Amino acid sequence: MKAGDALDEALSMPLVDQHCHGVRRDDLDRAAFESLITEGGPSPAGTTHFDSPVGLAVRRWCAPVLGLEPYAEPEAYLDRRRELGAEEVNRRLLRAAGIADFCVDTGPADETMLTPAEMGSLGDARGHEVVRIEEVAEDVAGRCPPATAYAAELADELARRADRAVGLKTAVAYRYGFDFDPRPPAPREVTQAASRWLAGPRRLTDPVLLRHALWTGADIAGDRELPLQIHTGIGDTDLTLHRVNPALLTDFIRIVPAPIVLLHCYPYIREAAYLAAVFPHVHADLGLTVTYTAASSARVIAEFLEMAPFHKILFSTDCYGLAELCHLGAHFFRRSLGAVLTERAGEWSSADIVRIARLIGADNARRLYSLNQA
């Protein structure tokens, strides 16, 4: 087999999407669809989010999966989506992605979103749950426990939910940022903060309780050898970008007992690659960075591969709401990683290039999340 053919075969193997969300089960109008192909708000009057790298990619690469010509106009694309219905659209696009396992962050899910099992069923794959730490903390707070019992109840509930999960996830990036005291708070601090929080709004933003929830999850993940996913870098307007540089997590990383996965990372790709290179328990992916950079994604993948060890890099789509984002994440990952690895031919052996493609696409995630045992 020729080297190029071997690489193509490796890249066509089923992927493991190690971080994604459920997609919408209902039909969407144009405004709802456009809101899901951006991390920002509505586009200015007279403009459209289809005029973006990911918007153009939907028209080029998703339209044929739905039976349209490439570059279908937005209205034609959305009409076809409604004609087929959400279930058929989701089935076609999820299966076209060629994914064997979906590791689904269920934190922001509601009844409009597919469950991990439904993602697996429609995608002809397996679905696994990743538990969102802050959502569990808010669920526990909703029971109105005494402040003195809050810490124990959170630990019990997180442990119970971890029983059926392949990993835990923190969204502290959205709730505060990474410029926090990396040490766990003292029990007295937790009780005092819980007393204030339980008397007011239930959204968790208190820095003491965020640290406590993070460390409760980290200890459980460490005990069970479950990965702890941490959102870093690019996201919606709830976060402040300069406060979610993964380099700010260095002191936390030094003492945390669990395997860490840095998610997304853009624009802090080199910082994440460095952390993965120097700390044995740190891994990283590019997630929605690949989808949102679309036709330019080979450049960000090449930057990641400058330093990050190949056994530390993972694939994910971070698709949320739209099966299109799953298909595009997989498409651009395969195409762009293939282009980057092909450029290394001669510098790296053909066997090494194929092995690296397999590691990043699926084998690293299978090992880290123990998916061969799931």
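Look up a bit, the structure's there.
Parameters and conventions
- Residue numbers restart at each chain and count upward from 1, following the sequence in its written direction.
- Local features in this predicted model are restricted to residues whose pLDDT is 70 or higher, and side-chain atom pairs enter the listing and the counts only when it is 80 or higher, whereas totals over whole chains, interfaces and linings include all residues.
- Hydrogens and water molecules were not included; the side-chain quantities draw on all heavy atoms of the structure.
- Salt bridge, as used here: a side-chain nitrogen of Lys or Arg that lies within 4 Å of a carboxyl oxygen of Asp or Glu.
- Counting from the N terminus, the helices are DSSP H or I runs at least four residues long and the strands are E runs at least two residues long.
- Burial classes follow relative accessibility: with a 1.4 Å probe on protein chains only, a residue under 20% of its type's maximum area counts as buried, one over 50% as exposed, and anything between as partly exposed.
- At least two bridges found by DSSP between two strands is the condition for calling them paired.
- The pairing test for Phe, Tyr and Trp rings, Trp by its six-membered ring, is centres within 6.5 Å, and the orientation test on the planes gives stacked under 30 degrees, edge-to-face over 60, and tilted for anything in between.
- Distance and angle both matter: a charge sits over a ring if NZ of Lys or CZ of Arg is within 6 Å of the ring centre and within 35 degrees of the ring normal.
- Detection works on a 1 Å grid of protein atoms alone, calling trapped sets that fit a 1.4 Å probe cavities and calling open sets with protein on both sides within 12 Å along at least five of seven lines pockets, with lining residues defined by an atom within 4 Å of a point.
- Grid points are joined across faces, edges and corners, and a volume is the space filled by probe spheres set on the points.
- In this analysis, the expected span of each helix is defined as 1.5 Å times one less than the number of residues it contains.
- Within 3.5 Å is the distance limit for a polar contact, defined as a pair of N or O atoms, with the added protein rule that one can donate a hydrogen and the other accept it, and that residues adjacent in sequence qualify only through two side-chain atoms.

Draft legend 1. Broad picture of the pattern of salt bridges. Counted under the stated rule, the structure contains 32 salt bridges. Its salt-bridge partner being Arg81, residue Glu324 comes within 2.7 Å of it at the nearest N-O pair. Remark: Arg81 occurs in helix α4 (residues 74-84) and Glu324 occurs in helix α16 (residues 323-343); sequence separation between them is 243 residues. Taken as a pair, Glu324 and Arg81 share a single burial class, namely buried. With a shortest N-O distance of 2.7 Å, Asp101 and Arg126 are connected by a salt bridge. On the criterion of sequence distance, the pair formed by Asp101 in strand β2 (residues 99-105) and Arg126 in strand β3 (residues 126-132) is long-range, its members being 25 residues apart.

Draft legend 2. Highlighting the sheet that holds strand β6 (residues 260-264). Strand order in this open sheet of 8 strands is β1-β2-β3-β4-β5-β6-β7-β8, and the pairing throughout is parallel. For this open sheet the edge positions go to β1 (15-20) and β8 (313-314), each flanked by a neighbour on one side alone. Two elements, β6 and strand β7 (residues 282-285), share 3 bridges in a ladder whose sense is parallel. Counted as the bridge partner of Leu262 is Ala284 from β7.

Draft legend 3. Inspection of unusual backbone geometry at higher detail. Residue Pro267 is bonded to the preceding Tyr266 through a cis peptide linkage, with omega at 5°. Inspection of the secondary structure puts Pro267 in the loop between β6 and α13 (269-278). Despite not being glycine, Asp318 has its phi angle at roughly 55°, a positive value. Mapped onto the fold, Asp318 is located in the loop between β8 and α16. In this structure Asp318 comes out as buried when scored by relative accessible area, which is 10%.

Draft legend 4. Highlighting the packing of aromatic side chains. Overall, the coordinates contain 7 aromatic pairs when judged by the stated rule. Judged by centre distance (5.7 Å) and plane angle (10°), the rings of Phe33 and Phe50 are stacked. Of this pair, Phe33 sits in helix α2 (residues 30-35) while Phe50 sits in the loop between α2 and α3 (53-62), and the two are 17 residues apart along the sequence. Comparing Phe33 with Phe50, the two get one shared label, buried. Arranged with centres 4.6 Å apart and planes meeting at 45°, the rings of Phe315 and Phe333 form a pair that is tilted. Within this pair, whereas Phe315 is found in the loop between β8 and α16, its partner Phe333 is found in helix α16, the two being separated by 18 residues in sequence. Between the NZ or CZ atom of Arg60 and the centre of the ring of Trp61, over which it lies, the distance is 3.7 Å.

Draft legend 5. The arrangement of the layout of surface pockets in detail. Its boundaries defined by the atoms lining it, the largest pocket holds a volume of some 590 Å³. Considering the residues around the largest pocket, the lining is formed by 29 residues, among which His21, Glu39, Tyr174, Asp236 and Tyr320 are closest to the centre. Of all the elements, helix α14 (residues 288-293) adds the most residues to the lining of the largest pocket, at 3 residues.

Draft legend 6. Summary view of helix α11 (residues 207-224). A rise of 1.5 Å per residue sets the reference length of α11, with its 18 residues, at 26 Å; its end C-alpha atoms lie 26 Å apart and thus fit the reference within 8%. Of all 18 residues in α11, 13 are buried, a share of seventy percent or more. The opening residue of α11, the one whose side-chain oxygen lies 2.9 Å from the backbone nitrogen of Val208, is Asp206. Glu225 occupies a position one or two residues after α11 and carries a positive phi of about 60°.

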